Amino acid sequence: MQTVSENACFGGTQGVYTHASAATGCDMTFGLFLPSEARDGPVPVLWYLSGLTCTHENAMVKAGAQGWAAEQGIALVFPDTSPRGAGVADDEAYDLGQGAGFYVNATQAPWAPHFRMWDYVTEDLPALVFDRFALDPERQGITGHSMGGHGALTIAMTLAGCFRSVSAFAPICHPTASDWGQKQFTAYLGEDADAWEEHDAALLMRDAGFDGPVLVDTGTKDQFLDLLMPEALAGAIAARRQQAVFRMQPGYDHSYFFVSSFMEDHVTFHAEALYA
């Protein structure tokens, strides 16, 4: 692991680091905010998964999360959204290839050698940060925006017992029925739609749910509502009687203005679970 930068931030440290990833077979970059409490021992950690076209940097710079995390004594991890580099497959479209890993392990050419973002986020990067930094693996929460909200929800519901809380900003809720999902799953996972279902938050909520609190915010003026399909997730939450807060926020769109507006709510939500 190499340090790219470390800056004082709200009494703690905002760092950016690179490392060779066994999961993706290339160098990866991530951001990590450590509150001042980390100097004295392991602190709870909140994972933030970003959306299409983003890197580790978007949320780190735009979400306004560090101040709220510092108040709660929580670390923040900002992974990248895909493998990158000259030897990594890519596509001209913004919603496939580099910047669009969709938090799955690709099985199809040309994506399979590097696009193993599920393993990267759930195994490779956690092993590194828990080994190198004062983070408590027993107190983890996960959140994300758009494609990252899809990732946060599916990972939390699949890895039972790993996360105490999960939240999402404008998540892709039902990708097996959306153009934000069908296209990528076909490319990464193949034509067999049965293989897609384990990466669909609405279907996972219907079949498994989450053993803990859930918070989801989506804007009523989100320009991608038809692709996000929040009604599918809301229906699954209601049918399962899942412990959850599902909010449609009037007037908000898909941007980081929306994310930053409700970041305090989400960090506080996770803090209540992580310090329970």
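## So, the environment of T24
Checked against the element boundaries, T24 lands in the loop between strand 2 (12-21) and strand 3 (26-34). As a C-alpha pair, T24 and H114 span 90 residues in sequence and 4.3 Å in three-dimensional space. Dropping the residues within four chain positions of it, T24 is found in contact with P83, P113, H114, R116, M117 and Y120.

## Looking at the packing of helix 3 (residues 117-132) against helix 4 (residues 147-158)
Where helix 3 meets helix 4, the axes come as close as 12 Å, and the angle between the chain directions of the two elements is 60 degrees. With respect to each other, helix 3 and helix 4 are oriented oblique. In the packing of helix 3 onto helix 4, the handedness of the crossing is right-handed. Side by side, helix 3 and helix 4 meet where W118, V121 and T122 of the first sit next to T154, I155 and T158 of the second. Split by residue class, the contact of helix 3 with helix 4 holds three nonpolar, three polar and no charged.

## Points about the nonpolar core
If you look at the biggest cluster of nonpolar residues, it comprises 86 residues, and the most contacted ones within it are F30, L135, I142 and Y188. Per element, the largest residue contribution to this core is eight residues, and it comes from helix 9 (residues 256-274). Here I142 is in contact with L46, W47, L49, A152, I155, A156, F163, S165, V166, S167 and H270, once residues within four sequence places are set aside.

## Brief notes about the packing of aromatic side chains
Summed over all chains, the structure comprises 13 aromatic pairs. Between F115 and Y188 the ring centres are 5.6 Å apart and the planes differ by 20 degrees, which places this aromatic pair in the stacked class. Of the two residues, F115 is situated in the loop between strand 5 (75-79) and helix 3 and Y188 in helix 5 (residues 179-189); the sequence distance between them amounts to 73 residues. You'll find F115 and Y188 in the same group, each marked buried.

## Focus: the side chain of T81
Within the secondary structure, T81 is located in the loop between strand 5 and helix 3. Under the relative-accessibility criterion, T81 is labelled buried at 0%. A polar atom in the side chain of T81 sits 2.6 Å from the backbone oxygen of C54. Of note is the side chain of T81, whose polar atom sits 3.4 Å from the side chain of R84.

Scoring rules and cut-offs
Residues numbered from 1 in each chain as written. Predicted model: local features only at pLDDT ≥ 70, side-chain atom pairs only at ≥ 80, totals over all residues. Heavy atoms only, no water. Helix = DSSP H or I, 4+ residues; strand = E, 2+ residues; numbered from the N terminus. Contact = heavy atoms within 4.5 Å. Axes fitted to C-alpha atoms, helices over the stretch in contact; angles between N-to-C directions. Parallel < 35°, antiparallel > 145°, perpendicular 65-115°, else oblique. Left-handed = near helix turned anticlockwise from the far one by under 90°. Nonpolar A, V, L, I, M, F, W, Y, C, P; charged D, E, K, R; others polar. Core = buried A, V, L, I, M, F, W, Y, C linked by side-chain atoms within 4.5 Å. Buried < 20%, exposed > 50% of the residue type's maximum accessible area, 1.4 Å probe, protein only. Phe/Tyr/Trp six-rings, centres within 6.5 Å; stacked < 30°, edge-to-face > 60°. Polar contact = N/O pair within 3.5 Å; in protein donor to acceptor, adjacent residues only side chain to side chain.

Worth remembering: the numbers are spatial, not functional.
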